[in-house]
Amino acid sequence: MMEQGGEKQDAIEPRRNRLWVVLHGYGGTAQRMDAILRLIDERDPNAEIYCPQLPIREFSMIDPFEVVEVVCRRIQERSETHPEADIVLVGHSAGAVLARAVYARANGMNRRARLDETLRFAFADRIRRVTMLAAVNRGWTFSSALGVGSKILWGLGTILGDAVSFLSAGKLVPFIYAFRRGAPFLTTVRLQCLALDDVAETEFVQVLGTKDDMVGPDDDIDVAVGSNYTYLEAPDAGHYSIVKLDQLLPDARRAVARALFDPVATLSPSALEKKTVWDLALLGGDDFGDETVKERNRRVDRVVFIIHGIRDNGFWTRRIAHEVLVRGEQAGRHVRTVTSTYGFFPMGPFLLPWVRRQKAEWLLDQYGLVVLTTKIEP
């Protein structure tokens, strides 16, 4: 039985062994996931499928946390009917991030990335897998592997969104801004998932389209959180075609199907190796992509951010960092310093709220990378 767009297509049968929750992407509809729904229905005929129409169209200004809360409550209602059914979350693009957020919220994570057992949903223990298709897990950036048409579209959309946010004094913020790299919502979801690494036993499988011209690998792959994820490639699949199975090559269709149904243990031979994942992520500018340094920094008791101000090239931060490391070593502490720079920031752009927000999001992304790649011990 499938439910799509919020309308029941059939009565819920009394016995189900699995509940599939399928979340479409930004600007899309539940109908866009038809091919995925048909595949699930064919391969798992005894399952219930819930694919809601989400309020995340092009001009949506809704808080993504509200979307996550509603989806969790709907899942709770269905899971009460089938208290023993396993649950699989499937998401496309921004819907994949929402799927991760649903997983985190169900396990009791609040908006401050703190675990609160009073917020926990009863179905959390039954979430067996989260499958992500062309996800934006680390967040999108304007320059993230976009084609010419996409750059124009996103450029105009960003200008319009900034104008709306400015004229409404920040009361109206485009939904898609929550998925920009470094945005508070996205950073919170990443921290939530990291906090649950040792709590839940849910499997995470992510499929990357090799011809995705909307989301680049550095936006798609979240190595900071997803070091234990299983990554599969869908050859010649694009950002939108990855969910249109009839448009994919056989190998790409097979990759999507395996991500949905196959045991993780059997995916390993065809999954991307860890080093390949790191190379694709292109985490440059600091030591995040250096596996040796990452291992060295795994156990520290203090992280020190040294961030320069506006109208400053920030060259002095390296000298301060060196002194901090020397003093830390003398004191017997394992210290990590971060001197990443957001570049020279003149006064003119500083007066523009949307530019300041971009710099703040940059800092949040840096904070997330450091926290998520470093094991900080007291």
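(A) Here's a closer look at the packing of aromatic side chains. Taken as a whole and assessed by the stated rule, the structure comprises nine aromatic pairs. For the ring pair F121 and F123, a centre distance of 5.5 Å and an interplane angle of 40° mean the geometry is tilted. Neither F121 nor F123 differs from the other in exposure class; each is buried. Judged by centre distance (6.3 Å) and plane angle (35°), the rings of Y229 and Y231 are tilted. Assessed through its relative accessible area of 8%, Y229 is described here as buried. Joined through ring pairs, the aromatic side chains of Y26, F65, F175, F179 and F185 make up one cluster. When the ring centre of Y50 is taken as origin, the NZ or CZ atom of R78, which lies over that ring, is 4.1 Å away. Above the face of the Y177 ring, R180 is positioned so that its terminal group lies 4.2 Å from the ring centre.

(B) Structural context of unusual backbone geometry. Notably, S93 is not glycine yet its phi reads approximately 60°, a positive angle. Along the chain, the position of S93 falls in the loop between β5 (86-92) and α3 (94-106).

(C) Spatial organisation of a nonpolar patch on the surface. On the surface, I152, L156 and I159 cluster together into a nonpolar patch covering about 330 Å² of accessible area. Here L156 shows up in helix α4 (residues 148-167). Given the relative accessible area of 56%, L156 is considered exposed.

(D) Broad picture of the packing of helix α1 (residues 34-43) against helix α7 (residues 250-261). Viewed as axis vectors pointing N to C, α1 and α7 meet at an angle of 55°, and their least axial separation amounts to 11 Å. Taken together, the axis directions place α1 and α7 in an arrangement best described as oblique. In this structure, α1 meets α7 at a crossing whose hand is right-handed. Facing α1, whose interface residues are I36, L39, I40 and R43, α7 presents V256, A257, L260 and F261.

(E) Structural view of the environment of A99. With respect to the helices, strands and loops of the structure, A99 is situated in helix α3. You can call A99 buried: its relative accessible area is 1%. Beyond its immediate sequence surroundings of up to four residues, A99 is in contact with L23, L89, G91 and V130.

(F) Region of interest: the pattern of salt bridges. Per the stated rule, a full pass over the model turns up 13 salt bridges. Residue E69 pairs with R73 through a salt bridge whose shortest N-O separation is 2.9 Å. Of the two residues, E69 and R73 are both situated in helix α2 (residues 64-81); the distance of four residues between them amounts to about one turn of the helix. One continuous salt-bridge network, built from bridges that share partners, spans E69, R73 and R105.

(G) Fine view of the pairing of strand β7 (residues 203-209). Most of β7 sits out of view: six of its seven residues are buried. Bridge count between strand β6 (residues 127-133) and β7: five bridges; the pairing is parallel. Considered in β7, the bridge of M132 is made with Q206. Across five bridges, the pairing between β7 and strand β8 (residues 230-234) is parallel. Across the sheet, residue V207 finds its bridge partner in β8, namely L232.

(H) Up close: the environment of A321. Tracing the backbone shows A321 in helix α11 (residues 317-330). The exposure class of A321 is buried, given its relative accessible area of 5%. Taking the C-alpha atoms as reference points, A321 and T337, separated by 16 residues in sequence, lie 5.9 Å from one another. In this view, A321 contacts I306, T337 and T339; residues no more than four positions away in its chain are not counted.

(I) Structural context of the pairing of strand β3 (residues 18-23). In terms of burial, β3 is largely enclosed, as five of its six residues are buried. Bridge count between β3 and strand β4 (residues 48-51): three bridges; the pairing is parallel. Opposite V21, over in β4, you have Y50 as the bridge partner. Handedness of the β-α-β unit built from β3, α1 and β4 comes out right-handed.

(J) Inspection of the confidence of the model for the chain at higher detail. Per-residue confidence for the chain averages 80 on the pLDDT scale, and 80% of its residues sit at or above 70. Across residues 6-15, where pLDDT falls below 50, the model places 19 contacts with residues more than four positions away in sequence or in other chains. Throughout residues 282-297 the model reports pLDDT below 50, and contacts reaching past four residues in sequence, or to other chains, amount to 29 contacts.

Scoring rules and cut-offs
- Residues numbered from 1 in each chain as written.
- Predicted model: local features only at pLDDT ≥ 70, side-chain atom pairs only at ≥ 80, totals over all residues.
- Heavy atoms only, no water.
- Phe/Tyr/Trp six-rings, centres within 6.5 Å; stacked < 30°, edge-to-face > 60°.
- Buried < 20%, exposed > 50% of the residue type's maximum accessible area, 1.4 Å probe, protein only.
- Lys NZ or Arg CZ within 6 Å of the ring centre and 35° of its normal.
- Helix = DSSP H or I, 4+ residues; strand = E, 2+ residues; numbered from the N terminus.
- Patch = residues over 30% accessible without salt bridge, like charges linked within 9 Å, V, L, I, M, F, W, Y side chains within 5 Å.
- Areas by Shrake-Rupley, 256 points an atom, 1.4 Å probe, with all protein chains shown as cover.
- Salt bridge = Lys/Arg side-chain N within 4 Å of Asp/Glu carboxyl O.
- Axes fitted to C-alpha atoms, helices over the stretch in contact; angles between N-to-C directions.
- Parallel < 35°, antiparallel > 145°, perpendicular 65-115°, else oblique.
- Left-handed = near helix turned anticlockwise from the far one by under 90°.
- Contact = heavy atoms within 4.5 Å.
- Pairing = 2+ DSSP bridges.
- Right-handed = clockwise from strand over helix to strand, strands pointing away.
- pLDDT = per-residue confidence, 0-100.

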